[in-house]
Amino acid sequence: MKTIRRTAGRGLALLLALVLACGMALSAYAADNASLDFTQTGSIELTLADSDGNAVSGGSVTLYQVATLYLDDGDMAYAYTDGFADCGVTLDVEDTSLAETLADYAASKGVSGTTLSIGSSGTVSFGGLELGLYLVVQTTESDNYETISPFVVTVPLEEDGVWVYDVDASPKVGAVTPTEPEPDEPDESTTTTTTTTVTKTLPQTGQLNWPVPVLAICGAVLFALGWCLTRSDRKRSEYAK
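Residues numbered from 1 in each chain as written. Predicted model: local features only at pLDDT ≥ 70, side-chain atom pairs only at ≥ 80, totals over all residues. Heavy atoms only, no water.

**Some points on the nonpolar core**
Judged by nonpolar contacts, the single largest core of 26 residues is most densely connected at Ile44, Leu46, Leu48, Leu63, Phe126, Tyr134 and Val136. Those elements giving two or more residues to this core turn out to be β1 (42-47), β2 (60-72), β5 (123-129), β6 (132-140) and β7 (151-155). In this structure Ile44 touches Leu63, Val124, Ser125, Phe126, Leu129, Tyr134, Val153, Val155, Val167 and Ala169, once residues within four positions along its chain are discounted. Membership of the second largest hydrophobic core comes to 16 residues, among which are Ala67, Cys87, Ala103 and Leu133. (Core = buried A, V, L, I, M, F, W, Y, C linked by side-chain atoms within 4.5 Å. Buried < 20%, exposed > 50% of the residue type's maximum accessible area, 1.4 Å probe, protein only. Helix = DSSP H or I, 4+ residues; strand = E, 2+ residues; numbered from the N terminus. Contact = heavy atoms within 4.5 Å.)

And the structure:
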């Protein structure tokens, strides 16, 4: 009985040590909010390309600053800018419908933003940005391509435990391809077009899938502990005989 208790105690101690070690590793991986440099400006760059990697030029993109970033008792928080203060939308960067909702509001209320043309390389870059949450909307489509879906992006963005102030937010757009005319169409030269759009969902600041490794480690340790206890019971039964 004492052997079983010692084995269980050692197993639980090992489990606790592994959990603490994993927690320390996760803390080291996450960027420290206190290290945010609010005196630094950032940038957002988009390079539009189709599914084959060809640059998509022409058209224009508008950037709106939706919210400013600040620290609330050490935690990251956002406050709407004047243009979006009355939108009545809960600011949740994990809400997949947030970008579309904000884009509709900006269009209906005439919120001002910064509009730039897409260059021949398919690239458009917005610089000198203060820290905050931004909305990206393609306001004019490129020739023969559908507009990309609106999306939100934070400046800075956390990547591998480091704050990145110059953010690369490059979505992909689908090419417009002609389709065969219907048999009953009198004019065989007339074609219709179909479009597909693939948008990139940007990672948001501070997201970590920390429960996955923790649960995996805990499960492995508990399995090992159970195996040890079962083996001890068998030995004790053999000795009793």
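**Brief notes about the packing of aromatic side chains**
For the structure shown, the criterion picks out 2 aromatic pairs. Consider the rings of Tyr64 and Phe84, whose centres lie 6.2 Å apart with planes at 85 degrees: the pair is edge-to-face. Linking Tyr64 in strand β2 with Phe84 in the loop between β3 (75-80) and α2 (98-109), this pair joins segments that are 20 residues apart in sequence. With respect to class, Tyr64 is no different from Phe84; both count as buried. Look at Phe84 and Tyr105: their rings are 6.0 Å apart centre to centre, the planes differ by 40 degrees, and that puts the pair in the tilted class. Within this pair, whereas Phe84 is found in the loop between β3 and α2, its partner Tyr105 is found in helix α2, the two being separated by 21 residues in sequence. Tyr105 shares its class with Phe84; the two are buried. One aromatic cluster is present, formed by Tyr64, Phe84 and Tyr105 through successive ring pairs. (Phe/Tyr/Trp six-rings, centres within 6.5 Å; stacked < 30°, edge-to-face > 60°.)

**Side note on the side chain of Gln138**
Turning to its location among the elements, Gln138 is positioned in strand β6. From its side chain, Gln138 meets the backbone oxygen of Thr140 in a polar contact 3.2 Å long. Among the polar contacts listed, one links the side chain of Gln138 to the backbone nitrogen of Ile148, at a separation of 2.9 Å. Once residues lying within four places of it in the same chain are set aside, the contact partners of Gln138 are Leu48, Ser60, Val61, Ile118, Glu146, Thr147 and Ile148. (Polar contact = N/O pair within 3.5 Å; in protein donor to acceptor, adjacent residues only side chain to side chain.)

**Describing the confidence of the model for the protein**
Mean pLDDT over the protein works out to 76, with 60% of the residues at or above the 70 mark. Predicted confidence in the protein is weakest over strand β14 (residues 197-198), with a mean pLDDT of 32, and strongest over strand β4 (residues 114-117), with 98. Considering only residues more than four positions removed or in separate chains, one finds that residues 12-29, a stretch of pLDDT under 50, has 17 contacts. Confidence drops under a pLDDT of 50 for residues 188-212, and excluding neighbours within four residues, the segment shows 51 contacts in the predicted structure. (pLDDT = per-residue confidence, 0-100.)

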